[in-house]
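Examination of the molecular architecture
For reference, the chains in residue letters:
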Amino acid sequence: QVQLVESGGGLVQTGGSLRLSCTVSERSVVAPTGWFRQAPGKEKEFVAAWNHLGTRYGVSVKGRFTISRDNAKNMLLLQMNSLKPEDTAVYYCAVGPSTFISSSLEDYHFWGQGTQVTVSS
């Protein structure tokens, strides 16, 4: 069973930055390609996606977050700048489609356990 592991979350002040990482727990042909987040009491929300076709961002993070990959390490990264209190959530990575860039939850599989990001005001 493929497992994704997120890391890099934490507590940061408004305007600060964090970098999240997502790795695969074992050598695998599966590669994580998307980030989602879930705030308390809310549904899981699309944040960003990456594949060989390009990148895609959620409206609320565009211009502040950058998704990238370290292919040598099979690692998906999310650089988060200019953080706001509304960015507070558990952030998850997952494996998405390779033939198109999706922002839909149902297109993603092999979800990680998540990493908490808290932005204080």
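Up top is the structure these notes are about.
Throughout what follows, the structure given in this document is the object of discussion. Residue positions are given per chain, counted from 1 along the sequence in the order it is written. Under the rules for a predicted model, residues below a pLDDT of 70 receive no local features and side-chain atom pairs below 80 are neither given nor counted, while totals for whole chains, interfaces and linings still include all residues. Each side-chain value is derived from all of the structure's non-hydrogen atoms; neither hydrogens nor water enter the calculation.

Now for the sheet that holds strand S2 (residues 10–13). Spatial ordering of the open sheet is given by S2-S10-S9-S4-S5-S6, a layout of six strands whose pairing is mixed. Of all strands in the sheet, those bounded by a partner on one side alone are S2 and strand S6 (54–57). Each adjacent strand pair in this sheet contributes to an overall mean axis angle of 20°, direction not counted. Here, strands pair whenever DSSP counts at least two bridges between them. Labels follow the DSSP assignment, with helices taken as runs of H or I lasting at least four residues and strands as runs of E lasting at least two, numbered in each case from the N terminus. Where S2 meets strand S10 (residues 115–120), four bridges bridge the pair, whose relative direction is parallel. Along S10, the bridge assignment pairs Leu11 with Thr118. To get an axis, a line is fitted to the C-alpha atoms, and for a helix only the part in contact is used. The angle between two axes follows their N-to-C directions and goes from 0 to 180 degrees.

What follows concerns the environment of Ser60. Note on placement: Ser60 falls in the loop between S6 and strand S7 (65–70). Sequence separation of Ser60 and Gln13 is 47 residues, and the distance between their C-alpha atoms is 18 Å. A polar atom in the side chain of Ser60 sits 3.1 Å from the side chain of Arg37. The definition of a polar contact used here is a pair of N or O atoms within 3.5 Å, where within protein one atom must be able to donate a hydrogen and the other to accept one, and adjacent residues in sequence count solely through side-chain atom pairs. Within polar-contact distance, the side chain of Ser60 engages the side chain of Glu45 at 3.3 Å.

Further remarks concern the pairing of strand S9 (residues 89–94). In this scheme, a residue with accessible area under 20% of its type's maximum is buried, one over 50% is exposed, and one in between is partly exposed, where area comes from a 1.4 Å probe on protein chains only. The element S9 is largely enclosed, with a buried count of six among its six residues. The pairing of strand S4 (residues 34–38) with S9 spans five bridges and is classified as antiparallel. The partner of Trp35 across the bridge, within S9, is Cys93. Relative to S10, S9 runs antiparallel, the two sharing three bridges. Note that in S10 the partner of Tyr91 across the bridge is Thr115.

On to unusual backbone geometry, then. One non-glycine residue with positive phi stands out, namely Asn74, at about 50°. Within the element layout of this structure, Asn74 appears in the loop between S7 and strand S8 (75–80). With a phi close to 55°, Phe110 is a non-glycine residue in the positive phi region. By secondary structure assignment, the location of Phe110 is in the loop between S9 and S10. Judged by relative accessible area, which is 33%, Phe110 ranks as partly exposed.

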